[in-house]
Amino acid sequence: MAQLLEVEDLPELSYTPEVAERTRELYERVQNVIPAFEWPAFAPEIDAIRRLKRERNAVVLAHNYQTPEIFHGVADIVGDSLALARKAAETDAEVIVMAGVHFMAETAKLVSPEKKVLMPDMRAGCSLATSITGEDIRLLREAYPGVPVVTYVNTSAEVKAESDICCTSGNAVKIVESLGVDRVIFLPDTYLASYVAKQTDVEIISWHGRCEVHERFTGEEIRRYRRGYENVVVIAHPECPPDVLDAADFVGSTAQMIDHVRAKKPPRVLMVTECSMSDNVAAEVRDVEFVRPCNLCPHMKLITLPKIRRALETMEPEVTIDPQVAARARAAVERMLEVK
Ligand code: 13P
Ligand code: SF4
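About the cut-offs
Residues numbered from 1 in each chain as written. Chains lettered and ligands numbered in written order. Predicted model: local features only at pLDDT ≥ 70, side-chain atom pairs only at ≥ 80, totals over all residues. Heavy atoms only, no water. UniProt positions renumbered as here; feature names shortened; annotations may be inferred. Buried < 20%, exposed > 50% of the residue type's maximum accessible area, 1.4 Å probe, protein only. Helix = DSSP H or I, 4+ residues; strand = E, 2+ residues; numbered from the N terminus. Pairing = 2+ DSSP bridges. Right-handed = clockwise from strand over helix to strand, strands pointing away. Axes fitted to C-alpha atoms, helices over the stretch in contact; angles between N-to-C directions. Left-handed = near helix turned anticlockwise from the far one by under 90°. Contact = heavy atoms within 4.5 Å. Nonpolar A, V, L, I, M, F, W, Y, C, P; charged D, E, K, R; others polar. Salt bridge = Lys/Arg side-chain N within 4 Å of Asp/Glu carboxyl O. Near = heavy atom within 4 Å. Polar contact = N/O pair within 3.5 Å; in protein donor to acceptor, adjacent residues only side chain to side chain. Areas by Shrake-Rupley, 256 points an atom, 1.4 Å probe, with all protein chains shown as cover.

Under the annotation held in an unreviewed UniProt entry, the protein carries the name Quinolinate synthase and is attributed to Marinimicrococcus flavescens. Listed in UniProt under the heading Subcellular location (unreviewed entry), the comment for the protein reads: "Cytoplasm".

Asks: What am I meant to see in the pairing of strand S3 (residues 95–99) here?
Replies: Every other side chain in a regular strand lies on the same face of the sheet, so the side chains alternate between the two faces. Across the 5 residues of S3, 5 count as buried, placing the element largely inside the fold. Burial along S3 is two-sided: Val 95, Val 97 and Ala 99 facing one way and Ile 96 and Met 98 facing the other are all buried. Alignment of strand S1 (residues 58–63) against S3, held across 5 bridges, turns out to be parallel. Bridge pairing in S3 places Leu 61 opposite Met 98. As judged from the 3 bridges shared by S3 and strand S4 (residues 116–118), these two strands associate in the parallel manner. Counted as the bridge partner of Val 97 is Leu 118 from S4. A crossover links S3 with its parallel partner S4, the connecting element being helix H6 (residues 102–111), and its sense is right-handed.

Asks: Can you walk me through the packing of helix H5 (residues 81–90) against H6 in this structure?
Replies: Each packed pair of helices is defined by two parameters, the angle between the axes and the distance between the axes. Where H5 meets H6, the axes come as close as 8 Å, and the angle between the chain directions of the two elements is 35°. Handedness of the H5/H6 crossing: right-handed. Together, Ser 81, Leu 84, Ala 85, Ala 88 and Ala 89 of H5 and Phe 103, Met 104, Thr 107, Ala 108 and Val 111 of H6 make up the contact between the two elements. A class-by-class count of the residues in the contact of H5 with H6 yields 8 nonpolar, 2 polar and no charged.

Asks: Just to check I follow, could you spell out the pattern of salt bridges for this structure?
Replies: A side chain of one charge can pair with a side chain of the opposite charge when the charged atoms of the two come close. As enumerated under the stated definition, the model contains 25 salt bridges in all. Linking Glu 55 and Arg 51 is a salt bridge whose minimum nitrogen-to-oxygen distance equals 3.1 Å. On the criterion of helical spacing, the pair formed by Glu 55 and Arg 51 is a turn pair, its members being 4 residues apart in helix H3 (residues 39–56). For Arg 51, a relative accessible area of 37% puts it in the partly exposed group. In this structure, Glu 162 and Arg 138 form a salt bridge, with 2.8 Å as the shortest nitrogen-oxygen distance. Of the two residues, Glu 162 sits in the loop between helix H8 (157–161) and strand S6 (165–167) while Arg 138 sits in helix H7 (residues 134–143), which places them 24 residues apart along the sequence. Of the residues examined, Glu 162 reaches a relative accessible area of 13% and is grouped as buried. Residue Arg 138 is classed as partly exposed on the basis of its relative accessible area of 36%.

Asks: Quick question: what am I supposed to make of the site of ligand 1 here?
Replies: Contacts to ligand 1 come from His 63, Tyr 65, Asp 80, Ser 81, Tyr 152, Asn 154, Ser 169, His 214, His 237, Glu 239, Ser 253 and Thr 254. Interatomic distance of 2.9 Å between a side-chain N/O atom of Ser 169 and an oxygen atom of ligand 1. His 237 is positioned such that a nitrogen or oxygen atom in its side chain is 2.8 Å from an oxygen atom of ligand 1. Relative to its free-state accessible area of 300 Å², ligand 1 is covered by the protein chains to the extent of 96%. Across the shell around ligand 1, the residue classes break down as 2 nonpolar, 8 polar and 2 charged.

Now the structure itself:
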C-alpha cells in the first residue's frame with residue numbers, strides 16, 4: 001500500500017456561512033451532546049464527507065460506539081455488529097466506509113466482496129480479536145473432536161475461517177441452540193461465554209479472551225452507582241464480568257440496550273458499556289437522564305471525521321482478505337445470517 005496521506009495534509013476546510021446553513025438542521029438534533037463551540041470544527045468535515053459520499057457512491061457504516069459527530073453527522077447506517085453485518089450485505093453503494101473497528105470492516109468485506117471497503121484507520125483493532133488465532137482453533141478442534149466452533153464476530157477473518165458459525169452478542173444464545181448439539185466451543189470472549197451458558201442447556205467450552213473496555217467494570221462499582229443515583233436502571237453489555245451482569249436490570253447487545261431505553265424510557269439509566277453510546281442515545285431520547293461511567297474503547301476512538309474524509313478522498317486504506325480465507329470465513333458469517 002502506498003504511503004497514506006497525513007490528515008494534517010488534507011485540504012483545509014473553513015466554517016463558512018454556507019456550511020453553517022447546510023449543517024444547521026443537523027446541529028439542532030445533536031446540540032444537547034455537542035457544545036456549540038465544537039461545531040465549527042466538525043461542520044466543515046461533515047459537509048465535505050456528505051459531498052464525497054455522493055461523488056463516490058459511498059455509505060458510512062457506524063457502530064454504536066462512534067462519537068456523536070460521526071454517528072449522527074455522517075453515518076448512513078448505524079447499529080450493533082449484527083445490524084452492520086446485515087446492512088453491509090444489503091446496501092447498493094459501491095463503497096463502504098467502516099466507522100468502527102477492523103473486524104467489522106472485514107465482516108462487511110466478507111458479505112460484500114464486490115464492494116470497496118475502506119477503514120479510516122487500520123490500527124483500530126479489538127482485544128477480543130487479538131486474543132485468538134486460527135492455529136488456536138485448530139488445536140481446540142484436536143482437543144474436542146467433532147464439537148462445533150461458534151465464534152463471536154469480534155475476531156479476524158482468519159479465525160472466522162476456522163469456525164463453523166459466527167454469532168454476535170445479540171444472537172449468541174439463538175445461534176448456539178440452532179446447532180442442535182449438546183456441546184459447543186464458544187470463542188473468544190470468556191464473559192459472553194459464561195453469560196450464554198446461563199441461558200442455555202448446551203454445554204459451553206470457552207476461551208480466555210476479554211474486552212479491555214468491559215472487563216474494567218465491577219459489580220461493586222454498579223452497587224455504588226445504585227447508592228448514589230436513586231432508582232437508576234442498570235443495563236449492561238454481556239462482555240462485562242459476571243458480577244456486573246448479576247447486578248444489572250437488563251443485559252443485551254448495544255442495539256438491544258438502545259431499544260430497551262427507547263421502549264422503557266426509564267427516568268434515569270446507567271449504560272454499562274463504552275461511553276459514547278450514552279451520548280448517541282441522549283441526542284435522540286431527551287427525557288432520560290444518563291448516568292455515565294466513562295470507559296472509552298481506544299480502538300473505536302481512532303476513527304475521526306478527518307480520517308473518514310481522507311478515506312473518501314484517497315479511497316484508502318482498503319480492506320482486503322485472502323480469497324481462500326474469505327470463502328471459508330464468509331460461510332461462517334452467512335450461516336449466522338441465515339439463522340432467523
Ligand atoms: P455489539 O455487537 O453489541 O454492538 O458489540 C460489539 C462490541 O465490540 C462491543 O464491545
Ligand atoms: Fe473490542 Fe471491547 Fe473495543 Fe468492542 S469495546 S471493539 S470488544 S475492545
